[in-house]
Amino acid sequence: MTEKVSMPMFVNGNGSPFPTGTNPVSIATADLNGDGHLDLLTTNYISDNVSVLFGNGHGVFTPQTPVPVTNGPREVKVGDLDGDGDIDFLATNYSGNNVTIARNNGNGTFATTSVAVGTVPRGLAVGDLDGDGDLDFVSANYISNNVSVMLNNGSAAFSNTTGSPIPVGTRPVAVAVADFNGDHKLDIAVTSNNTNTVSILLNNGNGTFTNGGTPATGAGPRGIAAGDLDGDGDTDLVVDNFGAASLSILLNNGAGVFTASPGGPLTTANNPYAVTVGDLDGDGDLDIATTNSGSSSVSVFRNNGSGGFTPADGSPFAVGVSPGGIVIGDFDEDRVVDLSTANFGSNTTSILINTTILPPPPPPAGTSAVMILRGSNASAAVMGRYEIYDIGNNAILAGYPLAQIGTDWRFSGLGASGGNSTMLLRNANTGGFELYGLSSNNIVTAGFLGTVGLDWQFAGFGNFSSLGQSDMILRNGNTGALQVYDIANNQITSSAALGTVGLDWQVGGFGNFSSRGTSDMIMGNTVSGGLQVYDIDHNQITGTAFLGAVGSDWRVSGVGNFSSVPGESDLIMRNTTTGGLQVYNIANNQIVGSAFLGTVGLDWQFAGVAPVQGAGTSDLVLRNVNSGAFQVYNIANNQITGSASLGQVGLEWQLGGLAAGAPAGAMGGAGSTSQLVQAMAGFDGAAAGISGAVPPGDDTSQQPLLTTPQHA
């Protein structure tokens, strides 16, 4: 089997870091413009504004017009403050002694007001503190040594609660709100930098608070986050100890009384500044991530489920200079959460993409084909990653990460046998082959087939042994020799030489060209344009026929049942000069019909033939080499009957192949495997998963299909 890959848990995303204002301190995330993707906000201490960056769902962010605030913004938090359904934000202003209230206009632009709080506000937390259904806030006031508890009237107008501001320890920095004593009311925890403590304020139920104790931390506590770290059902605390390069884990006894965890403190890199908790590895418990301002990194600790923590693979992770705030969000929409930091010293935000792969759910109803993409080695964010996409009804229905495999393994082919898809990888250094069986969007089997010299290249899958299995043919790139390998139960069970054909003949594809239910091979001559079919049965070439010649600028693209004649395997060819598409119907080793389908711009290249519209169809899929967009053309009765955009994927994602999905649809007649296409990973680049189909629009590169029949 291929080696288990030890990957860093996080890698910097494509395009990361992204520009912000001057000296960003804090960061928050939410869907600000209502497009379904997470966006970012950063408070910029020197430029006195808040940066707004819109996300595209692939981990890439575009800066928008920043929002002016008052002097020295420090902390930012988000929430629907005015109850209108969109996300607003709050920002503490360190030099302004106030908090900016920024109400969203519904499109990610904001109208601002401000409200006075204590002296030099730093930390900020948002929650319904008085139980009236709207969001209130707490600010930690660094110089006045207190917290302002500000209650919302429901329309984003805030005023001090009774007793606010409330005294806490000396030099309060960060604040968190959560139910600490199990009474279903939000309490407050505040780090006090000079006293090395956390002040606990317990809610009386009406937004007023009483002192709940001051558990000790390490030296110089800064950031704080709340969550159930030991799995006992109550809310614990984790605190950054800026002066001790450590994290304090404070475990709750259920009544709001905190004691240091016996497994703490956790060692970090220099000057941990801000901390957050979330399920980073998808195992159901809360993990920890902290920025390390003094080492320009992020430390991540994985939870064992009972409050024991170990550093994640690759931790600490490099980010921009002197990171401050940190936030969790699924920025590339692959079902595992990522991280983003505000980099004070480099005026940027870093996006750390999570490489954890969760088992995908089964394909949705209507899935008729699957597509595999592989992350290019040119992109650290996606290299070695494989994604699977469920396709049906001319649309991508779902997409998920599939596996992380060593970067020296390359995609060879994708086929289908016995109702499951099979994925063949090859080691670019050794020539070894690994076969993966796919079912319900998961790798269910894997087997190492052996090693063959690198002058032997994969040609295709088919039932060459006549045993109803998915065998493979390799071709020698130096001699033109063809060798068949029978595969059963992820093992090569036998092998046979088929003979040698001149190198000016290239393998075009496999199908039931003889009309006998076998897997036959078609080859095209790159010089003369000749087409030759070879009948293969019981691992032998049992017959051959010359089909004719087309211009040498025509190349075989794929095989499918384009005529809609049951059991027939037809050929689709592409003109390398004009982009024209021509279909040839083949039966009994003869061309029995031909039709010109039209012309498409040459920046659209063949991606595969698969049942994209529904089970049993043969649809043509093209990919644009400039944009990464996929387009499907439905073909029946030798005509294009429909077309649809499947969406766009960054060119950093290479195409592996398309094949029949669930349920598997046989192509090429009885006795043949349902191998639909093997696209030899033809697109290089690197970056972002499909999150959904991109609506078709005006595309000047895609020429209108011709309606006048023409022939090659």
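Residues numbered from 1 in each chain as written. Predicted model: local features only at pLDDT ≥ 70, side-chain atom pairs only at ≥ 80, totals over all residues. Heavy atoms only, no water.

Here the focus is the overall build of the protein chain. Of the regular secondary structure elements, the protein chain holds zero helices and 57 strands. Viewed in the frame of its principal axes, the protein chain has a C-alpha envelope of about 95 × 50 × 40 Å. Within the protein chain, the proportion of its 712 residues that are buried is 60%. Put simply, of all contacts in the protein chain between residues at least 6 apart along the chain, 47% involve residues at least 24 apart. For the protein chain, the computed accessible surface area is about 24,300 Å², with 49% contributed by carbon and sulfur atoms. (Helix = DSSP H or I, 4+ residues; strand = E, 2+ residues; numbered from the N terminus. Buried < 20%, exposed > 50% of the residue type's maximum accessible area, 1.4 Å probe, protein only. Contact = heavy atoms within 4.5 Å. Areas by Shrake-Rupley, 256 points an atom, 1.4 Å probe, with all protein chains shown as cover.)

Averaged over every residue, the pLDDT of the protein chain is 88; residues scoring 70 or more account for 91%. For the stretch residues 663-712, pLDDT sits under 50, and the model shows 163 contacts to residues farther than four places along the chain or on other chains. (pLDDT = per-residue confidence, 0-100.)

On to the sheet that holds strand β17 (residues 172-178), then. The four strands lie next to each other as β17-β18-β19-β20, forming an open sheet whose pairing is antiparallel. The strands lining the two open edges of the sheet, one partner per strand, are β17 and β20 (209-211). Across the sheet, the mean angle separating the axes of adjacent strands is 25° when strand polarity is ignored. As defined by bridge partners, β17 adjoins strand β18 (residues 187-192) across five bridges and the pair is classed as antiparallel. (Pairing = 2+ DSSP bridges. Axes fitted to C-alpha atoms, helices over the stretch in contact; angles between N-to-C directions.)

You can read the domains of the protein chain as domain 1 (10-354) and domain 2 (369-660). Taken over C-alpha atoms, the centre of domain 1 sits 50 Å from the centre of domain 2. Residue-level contacts link seven residues of domain 1 with eight residues of domain 2. Taken over both partners, the interface formed by domain 1 and domain 2 buries close to 570 Å², and the fraction arising from carbon and sulfur atoms is 48%. (Domains from an automatic or database assignment. Buried area = accessible area lost by both parts, 1.4 Å probe.)

This paragraph deals with the environment of G227. Inspection of the secondary structure assignment puts G227 in strand β21 (residues 221-227). Residue class for G227 comes out buried when judged on its relative accessible area of 8%. Separated by 59 residues in sequence, G227 and L286 have C-alpha atoms that sit 7.3 Å apart. Once residues lying within four places of it in the same chain are set aside, the contact partners of G227 are D234, T235, D236 and L286.

Of the pockets and cavities examined, the second largest pocket occupies roughly 730 Å³. Looking at the second largest pocket, it is lined by 34 residues, and the ones nearest its centre are E75, K77, L124, V175 and I224. Looking at the lining of the second largest pocket, the elements that each hand over two or more residues are β3 (24-30), β8 (73-79), β12 (121-127), β17, β21, β26 (272-278) and β31 (323-329). A breakdown of the residues in the lining of the second largest pocket according to their chemical character gives 23 nonpolar, six polar and five charged. (1 Å grid on protein atoms, 1.4 Å probe; cavity = no way out; pocket = protein on both sides within 12 Å on 5 of 7 lines; lining within 4 Å. Points joined across faces, edges and corners; volume = space filled by probe spheres on them. Nonpolar A, V, L, I, M, F, W, Y, C, P; charged D, E, K, R; others polar.)

The strand order across the open sheet formed by four strands is β36-β35-β34-β57, and the pairing between neighbours is antiparallel. The outermost strands of the open sheet, each flanked by one partner alone, are β36 (395-404) and β57 (653-660). Direction aside, the axes of adjacent strands within the sheet are offset by 20° on average. Sheet analysis places strand β35 (residues 385-392) next to β36, joined by eight bridges and oriented antiparallel. Note on β36: the bridge partner recorded for R385 is Q404.

Counting 32 residues, the largest nonpolar core has L40, M371, L373, V621 and F630 as its most contacted members. Of all the elements in the fold, those that place two or more residues in this core are β33 (348-354), β34 (369-375), β35, β53 (604-610), β55 (629-636), β56 (639-648) and β57. When residues of this core are assigned to domains, at least three map to each of domain 1 (10-354) and domain 2 (369-660). (Core = buried A, V, L, I, M, F, W, Y, C linked by side-chain atoms within 4.5 Å.)

Among the seven residues in strand β50 (residues 569-575), seven count as buried, and that is most of the element. In β50, alternate side chains face the same way, and those of S569, L571, M573 and N575 on one face and D570, I572 and R574 on the other are all buried. With six bridges joining them, strand β49 (residues 554-560) and β50 adopt antiparallel strand pairing. Looking across to β50, one finds that V556 is bridged to M573. Pairing of β50 with strand β51 (residues 580-587) involves six bridges; the strand directions are antiparallel. Of the residues in β51, the one forming a bridge with M573 is Q582.

So, on to the packing of aromatic side chains. Under the counting rule described, the total for this entry stands at eleven aromatic pairs. Relative to F317, the ring of F10 has its centre 5.5 Å away and its plane inclined at 70°; by these criteria the two rings are edge-to-face. In this pair, F10 sits in strand β1 (residues 10-12) while F317 sits in strand β30 (residues 317-318), placing the two residues 307 residues apart along the sequence. Both residues of the pair, F10 and F317, belong to the buried class. Where F464 meets F510, the ring centres are 5.2 Å apart and the plane angle is 65°; that geometry is what we call edge-to-face. In this pair, F464 is assigned in the loop between β41 (456-462) and β42 (471-476) and F510 in strand β45 (residues 505-511), connecting sequence segments 46 residues apart. The residues F464 and F510 share a single accessibility class, namely buried. A network of ring pairs unites the aromatic residues F18, F61 and F331 as a single cluster. (Phe/Tyr/Trp six-rings, centres within 6.5 Å; stacked < 30°, edge-to-face > 60°.)

Let us now look at the environment of N145. By secondary structure assignment, the location of N145 is in the loop between β13 (136-141) and β14 (146-152). In this structure the C-alpha to C-alpha distance between N145 and T170, which are 25 residues apart in sequence, comes to 5.4 Å.

Moving on: the side chain of D537. With respect to the helices and strands, the residue D537 is situated in strand β47 (residues 530-537). Buried within the structure, D537 lacks any salt-bridge partner; R516 is the closest side chain of opposite charge, at an N-O distance of 4.2 Å. Among the polar contacts listed, one links the side chain of D537 to the side chain of S466, at a separation of 2.3 Å. Dropping the residues within four chain positions of it, D537 is found in contact with F464, S466, R516, T518 and T542. (Lys, Arg positive; Asp, Glu negative; His and termini not counted. Salt bridge = Lys/Arg side-chain N within 4 Å of Asp/Glu carboxyl O. Polar contact = N/O pair within 3.5 Å; in protein donor to acceptor, adjacent residues only side chain to side chain.)

As a further point, take the pattern of salt bridges. Taken as a whole, this structure holds four salt bridges when the rule is applied. In this structure, D82 and R103 form a salt bridge, with 2.9 Å as the shortest nitrogen-oxygen distance. Taken as a pair, D82 in the loop between β8 and β9 (88-93) and R103 in strand β10 (residues 98-104) lie far apart in primary sequence, 21 residues in all. Taking relative accessible area as the criterion, D82 reaches 13% and is therefore assigned buried. Residue D281 is joined to R302 by a salt bridge in which the shortest nitrogen-to-oxygen separation is 2.9 Å. Taken as a pair, D281 in the loop between β26 and β27 (287-292) and R302 in strand β28 (residues 297-303) lie far apart in primary sequence, 21 residues in all. Judged by relative accessible area, R302 falls into the partly exposed class, the value being 34%.

As a further point, take the side chain of N575. Note on placement: N575 falls in strand β50. Taking relative accessible area as the criterion, N575 reaches 5% and is therefore assigned buried. A polar atom in the side chain of N575 sits 3.3 Å from the side chain of D553. Of the polar contacts made by the side chain of N575, one reaches the backbone nitrogen of T578; its length is 3.0 Å. With residues up to four places along the chain from it excluded, the contact list for N575 reads D553, W554, G580 and L602.

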